[in-house]
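# Descriptive analysis of the structure
Chain residues, written in single-letter form:
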Amino acid sequence: MKKYKKILLVIAGLLLFVIIGIAIFLNSLKPDYGGEKSLPGLSNEVTTYFDAYGIPHIYAENEADALKALGYVHAQDRLWQMELLRRVAKGRLSEVFGADMLKTDKFFLSLGIDDHTKETISNLDEQSETIKMSQAYLDGINEFIKEGPTPVEFYLTGIDKEPFTIEDVYNAVGYMAFSFAMAHKTDPLLTSMRNKLGEEYLNDLAISSDTSTVWIKNYKGIETDTLGTNITASVTAALDKLPIPQFEGSNSWVVAPKKTKNGKVIFANDPHIGFAQPSVWYEAHVSTPTYEKYGYHLAGVPFPLLGHNRKLAYGLTMFENDDIDFYYEETNPSDSTKYKTAEGWKDYEFVNKTIKVKDGEDVSFTYKKTHHGPVLNNIADQISGERPIAMSWMYTKPKNRVVHALYHMSHATNMEEFKTALPDIHAPGLNVMYGDAEGNVAWWATAKLYEMPDSLSTKFVLDGTTGKEEPLRYLDFSENPMAENPPWNYVYSANNQPDSIAGMLYPGYYLPENRAKRIVQLLDAKDDWDKESISEMILDVTAPVNTEVVTELIKLFDVTHLNSKQLVLLDSLKNWNGKYTLNSTSPVIYHRTLYNMVKNTMEDELGPEMLKQFLSTHLFKRQIAWGARMESGKWWDNINTPDVVETRQDIVMMSFAQTWESLVNDFGEDTSQWTWDKVHTIEHQHPFGQVASLREYFNVGPFPIEGTREVINNLSFPYDTTGFYKVSSGPSTRRIIDFSDVENSISILPTGQSGNPLSKHYQDQAQMYVNGEFRKMMMNKQEIEETAESILIFR
């Protein structure tokens, strides 16, 4: 017996030793927020204070030293995120995740982001301040790679750490540029719908601009007058597998002094981006004798895309302009290496690429290019053999100076300096929002815009053989939509249609007026805005357009076919105020019925796959209110019932009946239990969280959450048959800068500052975000020093 006890004690001791060893090892992988470190190349000591949320406040004697320290601390919290982001454009995700990512890698290689980057890098002025500061930042990242602990994800995937280069910065920006685009989801799909169904069906879709909706007004000192389905499927499949967030939409508004209580500008911005863990932005406050910025950084990008200091603030929303065009090409029937142009037959360019695959053989593939861009056929297996379709993307056309623009935006000291940086943003299309301590407010739409021939719709695949469907001219930046200090005393953007100042409407994939209408409604009604009321507005969950849809449809109900419980619920829906609170039931009824309506209206013509693609477009969001008002039209009739001609009323009643049945099945007969908190949830997913046993360690959530699609607090989700709405995108930060009290400006991140699962700051803001809370963006040095959680000194 004693012998067995000794054996058990030895085993227990060994287990304890192993557990202690694992604990010590895991502890060594945590970010180091305190102490002293050597950082080669510094000219002076750099002190970094980490506040209670792990945000670094970096104080240095010069900017190069500050950027080196920024690179180091950014990498220790986000190296895994940096690694994934730089791999996208280079087609290197299969190297990490295996053959499942092959189509994604092929697609991004064919876009030419990495090739365009190499061309850009070969012509860089390495002595420019942009490149010197970028290199300082990269030096900091690479010092962490060399000396810092390896993040746990590298051990789990078995990949090695590699130094970062300036190519990685440009490729990260290139991915961002493509993730803003919508044409790849829309143009080939609409072309297929037209070919399959004919023009009459398309006439009942909200393809063109609707002059009755809220547009963004221009002001410059004077008032101004107010085939393809498979391509869409393959591109969607490639993007769906991305382990990093995609950019979606955004809100921003800047209120001028005449409409604020304290007579100073108030700036608000909440860019809408796909949720993932870690979240997209890394916050950092950098201060030197000549430069200060509190900024939001993309992984691996040295200059903030959102930022402020005591003089000015800026932020971004997506312009949603059309910067991608698709072209049918014609291959020479007697020589497959040539294609037709207006000048005659030209040679296809054949591009060869090789992709390394984890646990597999290298995969080589070849794709063709025309003067328009890459031919998408054969990049995905399911589109081989079709008529060649090439994609022309503005980002890869002109000289790339986007990184220079970010540098100059972050270093501007006034409105004029800031504006001069913006023409360098050729793509992606951005609404750049601005406010400053001098009382200026402004909005500029930045992109290299171009004019197409009259009556030509770029929402369909164009003819690439004649030369008649090409851009006529490129617009000067002065012709872009913009508003500077307008007399209505605010500027805003909600990704909606901008008005024109060049005698033409700018084609794009604009979102519906829903958020814009609510923003304008609230801003117009009040002239004493302050930080508190703006913070309430940025959390607004009221959908006035949705109640208009309800009002339109509810009059079609035949109440003689409804039971008493249904009548009570219908009355509640009729009196719904449009708010999406957790305990409300009307949102559940609305969205299930809406989805059933769309499915019952369109699936018979489109089929399940094409309907799924349509639901992922901005066009579908624009179609909701438009379609609800459509009293008659071919869509309402079910083509599978030739002996019956269905009407709008038939579809509405059938959809409501299906909704009722599904909710009873899911939640029982008690309608008071059909609440929004049961169906609308958010979970921030890490790539490893897809493995069930790792989910609780890497993912954050799920949480029930207020909001919905296309309200100001835009917690969006995809529709599917389940009737449960897993939030996929929303505010990537909520930030409010009040120039009457700039040091007490506020913000929040969706999860936390760190991307390291072992850090205490991995998810310490998640519940605050769900609750609609904020924290301070500290800039006062004395307060920072007195409240710092830890201090890291670089020597």
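As a starting point, this report considers the structure included with it. These numbers come from a predicted model, not from an experiment.

## Here's the deal with the sheet that holds strand 16 (residues 389–393)
Here 3 strands make up an open sheet; going across it, the order is 16-10-20 and the pairing mixed. Each edge of the open sheet carries a strand with a single partner, namely strand 16 and strand 20 (462–463). With 5 bridges connecting them, strand 10 (residues 324–328) and strand 16 associate as antiparallel partners. Following the sheet pairing, Tyr327 is matched in strand 16 by Ala390.

## With respect to the packing of helix 16 (residues 544–554) against helix 20 (residues 618–628)
Axes are the key here: two packed helices are described by the angle between their axes and the distance separating the axes. Close contact between helix 16 and helix 20 brings their axes to 9 Å; oriented N to C, the two are set at 30°. Regarding helix 16 and helix 20, the two cross each other, and that crossing is left-handed. On helix 20, the residues that touch Val545, Val549, Glu552 and Leu553 of helix 16 are Ile624, Ala625 and Ala628. Residues that form the contact of helix 16 with helix 20 fall into these classes: 6 nonpolar, no polar and 1 charged.

## Things to note about the packing of aromatic side chains
Any pair of aromatic rings gets described here by the distance separating the centres and the angle formed by the planes. Applying the stated criterion to the full structure yields 43 aromatic pairs. Plain terms: the ring middles of Tyr219 and Trp488 are 5.9 Å apart, the flat faces sit at 75° to each other, and that makes the pair edge-to-face. The same class applies to Tyr219 as to Trp488, namely buried. Judged by centre distance (6.3 Å) and plane angle (45°), the rings of Tyr294 and Tyr296 are tilted. Put simply, the rings of Trp576, Tyr580, Tyr590, Tyr595, Phe614, Phe620, Trp676, Phe717, Tyr719 and Tyr725 pair up and form one aromatic cluster. Looking at Lys526, its charged tip hangs above the ring of Trp529, at a distance of 5.5 Å from the centre.

## Here we look at the packing of helix 6 (residues 129–147) against helix 8 (residues 166–179)
At a minimum axis distance of 9 Å, the contact between helix 6 and helix 8 shows a crossing angle of 100°. In terms of orientation, helix 6 and helix 8 fall into the roughly perpendicular class. When helix 6 is examined against helix 8, the residues Ile131, Ser134 and Leu138 are found in contact with a partner set consisting of Ile166, Val169 and Tyr170. Split into classes, the residues belonging to the contact of helix 6 with helix 8 amount to 5 nonpolar, 1 polar and no charged.

## Considerations on the sheet that holds strand 12 (residues 335–341)
What the 3 strands build is an open sheet, ordered 11-12-13; its pairing is antiparallel. Bordering the open sheet on either side are strand 11 (331–332) and strand 13 (344–347), each of which pairs with just one other strand.

Procedures and definitions
- Residues numbered from 1 in each chain as written.
- Predicted model: local features only at pLDDT ≥ 70, side-chain atom pairs only at ≥ 80, totals over all residues.
- Heavy atoms only, no water.
- Pairing = 2+ DSSP bridges.
- Helix = DSSP H or I, 4+ residues; strand = E, 2+ residues; numbered from the N terminus.
- Axes fitted to C-alpha atoms, helices over the stretch in contact; angles between N-to-C directions.
- Left-handed = near helix turned anticlockwise from the far one by under 90°.
- Contact = heavy atoms within 4.5 Å.
- Nonpolar A, V, L, I, M, F, W, Y, C, P; charged D, E, K, R; others polar.
- Phe/Tyr/Trp six-rings, centres within 6.5 Å; stacked < 30°, edge-to-face > 60°.
- Buried < 20%, exposed > 50% of the residue type's maximum accessible area, 1.4 Å probe, protein only.
- Lys NZ or Arg CZ within 6 Å of the ring centre and 35° of its normal.
- Parallel < 35°, antiparallel > 145°, perpendicular 65-115°, else oblique.

Note that all results are geometric; they support no functional claim without further evidence.
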